[in-house]
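Chain residues, written in single-letter form:
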Amino acid sequence: MNPVFIAYALLALAIISEVTGSTFLVKSEGFTKLGPSLLVFIFYVVSFYLLSQVIKTIPLGIAYAIWGGVGIILTALIGFFIFRQSLDGPAVIGIAMIVGGVIVMNVFSKSVGH
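Residues numbered from 1 in each chain as written. Predicted model: local features only at pLDDT ≥ 70, side-chain atom pairs only at ≥ 80, totals over all residues. Heavy atoms only, no water.

(A) Quick look at the packing of aromatic side chains. Taken as a whole and assessed by the stated rule, the structure comprises 4 aromatic pairs. Consider the rings of Phe24 and Phe43, whose centres lie 6.0 Å apart with planes at 5°: the pair is stacked. Residue Phe24 is located in helix H1 (residues 3-27), and its partner Phe43 is located in helix H2 (residues 34-54); the two are separated by 19 residues in the primary sequence. Ring centres of Phe48 and Trp67 lie 5.4 Å apart, and the angle between their planes is 50°; this geometry places the pair in the tilted category. With a gap of 19 residues between them, Phe48 in helix H2 and Trp67 in helix H3 (residues 60-81) connect regions that are remote in the sequence. A relative accessible area of 47% means that Phe48 is categorised as partly exposed. (Phe/Tyr/Trp six-rings, centres within 6.5 Å; stacked < 30°, edge-to-face > 60°. Helix = DSSP H or I, 4+ residues; strand = E, 2+ residues; numbered from the N terminus. Buried < 20%, exposed > 50% of the residue type's maximum accessible area, 1.4 Å probe, protein only.)

Put into structure tokens, the structure is as follows:
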């Protein structure tokens, strides 16, 4: 199988793990609840491990930008839909700019291996 495809699949799993960990961060209530606190730790460790595997194929700056950008977007959406946290106009514009940045990087950058 293509190593770049595998790297992007691992990156997707790293993002999902990070977003899941961040979701449990809310549920941990400042690390006062043991179960959710342990899940935060586990999901973050998994996420960073997967990210460490991704950067063997995808340059660190590109991988981290995608990981961070997509993670921000998904976390904001979870905050909005699950935790009923509101997003004002500037927040939506900022998230749209992040989406645009990730798209520009993946479509136009020669640094991203496809």
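We are not done yet, so read on.
(B) Quick look at the nonpolar core. Counting residues in hydrophobic clusters, the biggest one holds 14 residues, and the most contacted among them are Leu11, Ile15, Ile58, Ile66 and Trp67. Of all the secondary-structure elements, those providing two or more residues to this core are H1, H2 and H3. With 5 residues, H1 is the single largest residue contributor to this core. Those residues within four positions of Leu11 in sequence are excluded, and the remaining contacts are Leu51, Val54, Ala63, Ile66 and Trp67. (Core = buried A, V, L, I, M, F, W, Y, C linked by side-chain atoms within 4.5 Å. Contact = heavy atoms within 4.5 Å.)

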